[in-house]
Amino acid sequence: MEYKKIEKPEINPNITKPDIIGWKFRKTPTPNRGKYCIRFTLNFADKSTKHCQVGGFKTKEDALYAKEEIITSLHQKSYMPFKFTLKEFFDYWLYYYMMDERKIAYSTFMNYRNMIYNHFLKFFPSSKKIHTLETKDIVKFLNSISSDSSRNCAYAVLGSAFKKAEEMHIISRNVAKYSIQITRIENRKHSNKKKRPVFTLKQVLQILLVCKEKQPDFYLLFALSVTTGIRISEALGLQFENIDFKNNTISITHQKGRPLKTENIEKGKITSQLIPPKSRHGYRTIPIPEFIKVELLLTKSKYEELKETNAKFDYTPNFVFVNSIGHPISRDKKISNLFKEIILACDLDPDKYHWHDLRHTYATLLEINDINLKKIMQVKV
């Protein structure tokens, strides 16, 4: 499959302008077309300057009062020297801040891009100045989204973007923060959202037994997922060096997926690269049951034996999950189809469950057994 290269839009160079480090005002307001204005010069950290004029004041007193307000905001580092359109800011936020600095995953990038350009910038004119948006405007947009998952994506995009805009002094007040709080409360009152189904402990044991009998090569993948709650992409990216057999733990340091930058990657391997976890909280250490450790040791021994006895087994060093010829497994429809086959063999509805439900099941079983999931998730590598 051919993957289109991500093309970055050009951005307004003023959006990355460094901090204001100094300013100089004219002592008195300047007459301008029957009214008064104040003129001043801003000095930036890159040694550039900007000459400014703020006018339309009927009296000198009004102009002097405005001057003091601007000086106060300059001291407080809240003055906005430039005004940017929604498109100008979001082009920067997505392609330069989130993509280059935050290094978000490809799937996250695509979700965010879709939300911005197919929803947000179609609801509001892309030429609208970001500082003119009010709380009621954002609330109206959020309430226009019918899908819970899309609205959650909008929360993530607007929450992060407007926080960054406030930090950069592009807006004086983060209206998205309050808009999201209001919308969440209102939608919670009227929500009929159904929780994702989870497996009972009895069903988990049945699934593992059926899997071991019918699909033994995928038994460990099933077992590890449901006993650790790791994502399928994290499981497929797991290497033996991430396993502490002495302390019965695994460390999540990466996942398998598609990076944002695909230059110099061999064709056919774009979606099988090792990339950082989904977020900074993705770096964690998780305990594993004794039987999982035994299965991991047996798998490692099997690979060592195959390397010696099978010339066709071209093992890619250190990966836990590989195919019949030793190459790392990619996330594809085969895994989803195998999952549905196992679920069906257990007399369960294959259309009701998805692989990700193993992760929800793990969290639910921890809760039932009074184990602090948040504490486990926050353990750093």
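Caption draft 1: Quick look at the overall build of the chain. Within the chain, the secondary structure is distributed over 13 helices and 9 strands. Against the compact-globule benchmark of 21 Å for 381 residues, the chain has a radius of gyration of 28 Å, which places it well outside the compact range. With respect to the three principal axes, the spread of C-alpha positions in the chain is 90 × 50 × 40 Å. Per-residue burial over the chain gives 43% buried out of 381 residues.

Caption draft 2: Highlighting the sheet that holds strand β9 (residues 284-287). One open sheet accounts for 3 strands, arranged β5-β6-β9; its pairing is antiparallel. Each edge of the open sheet carries a strand with a single partner, namely β5 (243-244) and β9. In this sheet, strand β6 (residues 249-252) lies alongside β5 in antiparallel orientation, the contact comprising 2 bridges. Counterpart to Asp244 in the pairing with β6 is Thr249.

Caption draft 3: Expanded view of the pattern of salt bridges. Scanning the entire structure with this criterion turns up 11 salt bridges. Where Lys17 meets Asp46, a salt bridge forms, and the shortest distance between an N and an O atom there is 3.6 Å. Here Lys17, found in the segment before β1 (20-25), pairs with Asp46, found in the loop between β3 (35-44) and β4 (49-57); they are 29 residues apart in sequence, far enough to count as distant. You can call Lys17 partly exposed: its relative accessible area is 26%. Through salt bridges with shared partners, a single network forms among Lys8, Asp100 and Lys261.

Caption draft 4: View of the state of the cysteines. Under the criterion given, the structure shown has 0 disulfides. Among the cysteines around Cys37, which has no disulfide bond, Cys52 carries the closest sulfur, lying 12 Å off. The cysteine Cys346 is free of any disulfide, with Cys211 supplying the nearest cysteine sulfur at 8.9 Å. Taking the relative accessible area as the measure of exposure, Cys346 reaches 3% and is therefore buried.

Caption draft 5: Quick peek at the packing of aromatic side chains. For the coordinates displayed, the defined rule picks out 24 aromatic pairs. Members of the aromatic cluster, connected to one another through ring pairs, are Phe89, Phe90, Trp93, Tyr112, Phe120, Phe123, Phe124, Phe141 and Phe162. Seen from the ring of Tyr96, Lys8 lies directly overhead, with NZ or CZ sitting 4.7 Å from the centre. The side chain of Lys17 reaches across the aromatic face of Phe44, ending 5.4 Å from its centre.

Caption draft 6: Focus on the packing of helix α2 (residues 86-101) against helix α5 (residues 148-167). Between α2 and α5, the least distance of the axes is 11 Å, while the angle of their chain directions is 95°. Between α2 and α5, the angle falls in the class roughly perpendicular. Residue-level inspection shows Phe89, Phe90, Tyr92, Trp93, Tyr97 and Met98 of α2 in contact with α5, the latter providing Val157, Leu158, Ser160, Ala161, Phe162, Lys164 and Ala165.

Caption draft 7: Representation of the confidence of the model for the chain in the model. Chain-level statistics for the chain give a pLDDT mean of 89 and a share of 94% at 70 or above. Low pLDDT, under 50, characterises residues 371-381; the predicted model gives this stretch 23 contacts beyond four residues in sequence or across chains.

Caption draft 8: Quick peek at a positive patch on the surface. On the surface, Arg102, Lys163, Lys177 and Arg280 cluster together into a patch of positive charge. Relative to the helices and strands, Lys163 resides in helix α5.

Caption draft 9: Region of interest: the packing of helix α7 (residues 201-214) against helix α11 (residues 333-345). The interhelical angle for the contact between α7 and α11, taken along N-to-C directions, is 115°, at an axis separation of 9 Å. In the packing of α7 onto α11, the handedness of the crossing is right-handed. Contact residues: Ile207, Val210, Cys211 and Lys214 in α7; Ile342, Ile343 and Ala345 in α11. In terms of residue class, the contact of α7 with α11 is built from 6 nonpolar, no polar and 1 charged.

Caption draft 10: Structural view of unusual backbone geometry. One non-glycine residue, Arg33, adopts positive backbone phi at about 55°. Here Arg33 lies in the loop between β2 (30-32) and β3. Residue classification places Arg33 among the exposed residues on the basis of a relative accessible area of 85%. Backbone geometry at Asn248 places phi at a positive 55°, although glycine is not the residue there.

Caption draft 11: Quick look at helix α10 (residues 290-309). The end-to-end C-alpha distance of α10 is 29 Å, a good match for the 28 Å that 20 residues give at a rise of 1.5 Å each. Listing the buried residues of α10 in full gives Ile292, Lys293, Glu295, Leu296, Thr299 and Tyr303. Taken down its axis, α10 places every buried residue within 160° of arc, on the same side. α10 presents Leu298, Glu305, Glu308 and Thr309 as exposed residues on the side facing more than 90 degrees away from its buried surface. Each element contacted by the buried residues of α10 is listed here: α7, α8 (219-228) and β5.

Caption draft 12: View of the side chain of Ser225. When you line up the elements, Ser225 lands in helix α8. Those residues within four positions of Ser225 in sequence are excluded, and the remaining contacts are Ile230, Ala235, Trp355 and Leu358.

Caption draft 13: Expanded view of the environment of Cys346. Mapped onto the elements, Cys346 comes out in the loop between α11 and α12 (357-368). Remark: the alpha-carbon pair of Cys346 and Ile335, spanning 11 residues in sequence, is separated by 17 Å.

What counts, and at which threshold
Residues numbered from 1 in each chain as written. Predicted model: local features only at pLDDT ≥ 70, side-chain atom pairs only at ≥ 80, totals over all residues. Heavy atoms only, no water. Helix = DSSP H or I, 4+ residues; strand = E, 2+ residues; numbered from the N terminus. Rg over C-alpha atoms; globule rule 2.2 N^0.38 Å. Buried < 20%, exposed > 50% of the residue type's maximum accessible area, 1.4 Å probe, protein only. Pairing = 2+ DSSP bridges. Salt bridge = Lys/Arg side-chain N within 4 Å of Asp/Glu carboxyl O. Disulfide = S-S within 2.5 Å. Phe/Tyr/Trp six-rings, centres within 6.5 Å; stacked < 30°, edge-to-face > 60°. Lys NZ or Arg CZ within 6 Å of the ring centre and 35° of its normal. Axes fitted to C-alpha atoms, helices over the stretch in contact; angles between N-to-C directions. Parallel < 35°, antiparallel > 145°, perpendicular 65-115°, else oblique. Contact = heavy atoms within 4.5 Å. pLDDT = per-residue confidence, 0-100. Patch = residues over 30% accessible without salt bridge, like charges linked within 9 Å, V, L, I, M, F, W, Y side chains within 5 Å. Areas by Shrake-Rupley, 256 points an atom, 1.4 Å probe, with all protein chains shown as cover. Lys, Arg positive; Asp, Glu negative; His and termini not counted. Charge placed at Lys NZ, Arg CZ, Asp CG, Glu CD. Left-handed = near helix turned anticlockwise from the far one by under 90°. Nonpolar A, V, L, I, M, F, W, Y, C, P; charged D, E, K, R; others polar. Expected span 1.5 Å × (residues − 1). Arc of directions from axis to C-beta.

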